[in-house]
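# Structural characterization, general
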Amino acid sequence: MAPGAPARPGPRPAPPSLPEPVEDLGDDRHPAVDAAVRAMANAATLAPADQIAQYEAAYETLRETLATIDQA
């Protein structure tokens, strides 16, 4: 490669694998957490820019949910 020539990007990494299904936890599940986990799994199929928005929304949902649990 000539000096000053731009480097060629390497191959794009594969999307992360989807999480394994969780056994039935009965009443211990929380709908907001379940929805956030599903949104993160679905984000793997989106373009990188759209993935960021999904991950940020899921993070915010999880943060708010955990805060309400801590206050209970």
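Residues numbered from 1 in each chain as written. Predicted model: local features only at pLDDT ≥ 70, side-chain atom pairs only at ≥ 80, totals over all residues. Heavy atoms only, no water.

Put simply, helix α1 (residues 31-43) and helix α2 (residues 48-71) touch, their axes get as near as 9 Å, and they point 165 degrees apart. The orientation of α1 relative to α2 falls into the category roughly antiparallel. At the point where α1 passes α2, the crossing takes the left-handed sense. Where α1 approaches α2, its residues A32, V33, A36, A39, M40 and A43 are matched on the opposing element by Q51, Q54, Y55, A58, T61, L62 and T65. Class assignment of the residues belonging to the contact of α1 with α2 gives a composition of nine nonpolar, four polar and no charged. (Axes fitted to C-alpha atoms, helices over the stretch in contact; angles between N-to-C directions. Helix = DSSP H or I, 4+ residues; strand = E, 2+ residues; numbered from the N terminus. Parallel < 35°, antiparallel > 145°, perpendicular 65-115°, else oblique. Left-handed = near helix turned anticlockwise from the far one by under 90°. Contact = heavy atoms within 4.5 Å. Nonpolar A, V, L, I, M, F, W, Y, C, P; charged D, E, K, R; others polar.)

This next bit is on the side chain of Q51. Within the fold, Q51 resides in helix α2. A polar side-chain atom of Q51 sits 3.2 Å from the main-chain carbonyl oxygen of A43. From its side chain, Q51 meets the backbone oxygen of A44 in a polar contact 3.5 Å long. Once you skip the residues sitting within four places of it in the chain, Q51 turns out to touch A43, A44 and L46. (Polar contact = N/O pair within 3.5 Å; in protein donor to acceptor, adjacent residues only side chain to side chain.)

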